[in-house]
Amino acid sequence: MLKYRDITLQRLDKFTSSDQWKDVNLSAQLYPNVEAGEEWVKIKVFSVPELKRIPFEEATKGDFQEAKVHQEFGPSWSTHWFHISVKVPSHWKGQKVEFHWDGNGEGLIWTKEGSPIHGLTGGTGGDRRVEYVLTEKAQGNEQVEFYIEHACNGMFGNGDGISAPDPNRKYRLSTAHLVTVNETAIQLLRDFEVVRGIAKELPKESNQGAKALYTANEIVNAFRRQDPESMKKCREIAKEFFKERNGTSQHAIAI
């Protein structure tokens, strides 16, 4: 693998890619069930005029209109308040359920009573955070209401890092749906990200980096999609790697 380190690292990236191989890799197992559409998620929006930022009490008295996924909102720096009504499917009873929201900007979830409870960051960057846990164990048919304060800007502004910010930029609501969560797959993803990160960041000649590369590749080899037992085996492989202290995993040199 060290001889073909770059190829192996590419293989590791494909294991968690949301683009290539997404139907058969680990990413496909994270959220096995998805429900969208008005039967499960109803969306209304009040777009605050004149780029104003207003308090919750004022926002909830606004003129809310029907909204839908793939709709665009703007311009830059504007704020849009969404009223969200969701219904958990009855056949999801006993499962962990999340609401996923990606407005490709910054968001803040408020309870219907007016308490801010959860931040959101859309897009594809490393700061992406689109998940909101509705229930750890669904009873089925739960109905939940809340608000999302959505700002048409990123976490650190409104530019792309090169050109000046576009004052008329539009932000598309790309995701608003319910999912069930495969906890074993989520935990394996976190383990794998750490092992892969060590393999990538340590020097090529590092013994620990080489061992991380080998371990990550073994995890991919052991994985079988939609097989919980194989994912548990993958986690055991990672666990064995994490058990070793850095010093004890190095070569012993005698003079």
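Conventions we followed
Sequence order as written defines residue numbering, which begins from 1 separately in each chain. pLDDT decides what is reported in this predicted model: residues at 70 or higher carry local features, side-chain atom pairs at 80 or more are listed and counted, and totals for whole chains, interfaces and linings draw on all residues regardless. Side-chain calculation: all heavy atoms of the structure are included, whereas hydrogens and water are not. Helix and strand assignments come from DSSP, with helices taken as H or I runs of at least 4 residues and strands as E runs of at least 2, each series counted from the N terminus. Any helix carries an expected span of 1.5 Å times its number of residues minus one. Burial here depends on accessible area, computed with a 1.4 Å probe over protein chains only, as a share of the maximum for the residue type. Under 20% is buried, over 50% is exposed, and the range in between is partly exposed. Contacts: residue pairs with any heavy atoms within 4.5 Å of one another. A 3.5 Å cut-off defines polar contacts: any pair of N or O atoms within that distance qualifies, except that in protein one atom must be a possible hydrogen donor and the other a possible acceptor, and neighbouring residues in sequence count only when both atoms are side-chain atoms. Only one rule defines a salt bridge in this text: a Lys or Arg side-chain nitrogen within 4 Å of an Asp or Glu carboxyl oxygen.

A few points about helix 5 (residues 207-222)
Along an α-helix, residues three or four positions apart point the same way, because every turn accommodates 3.6 residues. In a regular helix each residue adds 1.5 Å, so 16 residues correspond to 22 Å; helix 5 covers 23 Å between its end C-alpha atoms and thus fits that length. Burial in helix 5 covers these residues: Gln208, Gly209, Ala210, Ala212, Leu213, Thr215, Ala216, Asn217, Ile219, Val220 and Ala222. Lining the buried residues of helix 5 we find helix 1 (5-15), helix 4 (183-201) and helix 6 (228-243). The N-cap of helix 5, judged by a side-chain oxygen 3.3 Å from the amide nitrogen of Gln208 a few residues on, is Ser206.

Remarks on unusual backbone geometry
Omega for the bond connecting Gly74 with Pro75 falls within 30 degrees of zero, at 0 degrees, which places this linkage in the cis form. Within the secondary structure layout, Pro75 lies in the loop between strand 4 (72-73) and strand 5 (79-87). The residue Leu51 is not glycine, and still its phi comes out positive at about 55 degrees. Within the fold, Leu51 resides in the loop between strand 2 (41-47) and helix 3 (56-59). According to the relative accessible area criterion, Leu51 is partly exposed, its value standing at 45%. The backbone of Trp77 sits at a positive phi, close to 75 degrees, despite the residue not being glycine. With respect to the helices and strands, the residue Trp77 is situated in the loop between strand 4 and strand 5. Owing to a relative accessible area of 39%, Trp77 belongs among the partly exposed residues under this scheme.

Re the pattern of salt bridges
Inspection of every chain in the model, using the stated rule, returns 12 salt bridges. Of the charged contacts in the structure, one is a salt bridge between Lys52 and Glu50, with a shortest N-O distance of 3.6 Å. Of the residues examined, Lys52 reaches a relative accessible area of 43% and is grouped as partly exposed. The class for Glu50 is exposed, based on a relative accessible area of 65%. Between Asp191 and Arg235 there is a salt bridge, with the nearest N and O atoms lying 2.8 Å from each other. With a gap of 44 residues between them, Asp191 in helix 4 and Arg235 in helix 6 connect regions that are remote in the sequence. When salt bridges that share partners are traced, they join Asp13, Arg196 and Lys200 into one network.

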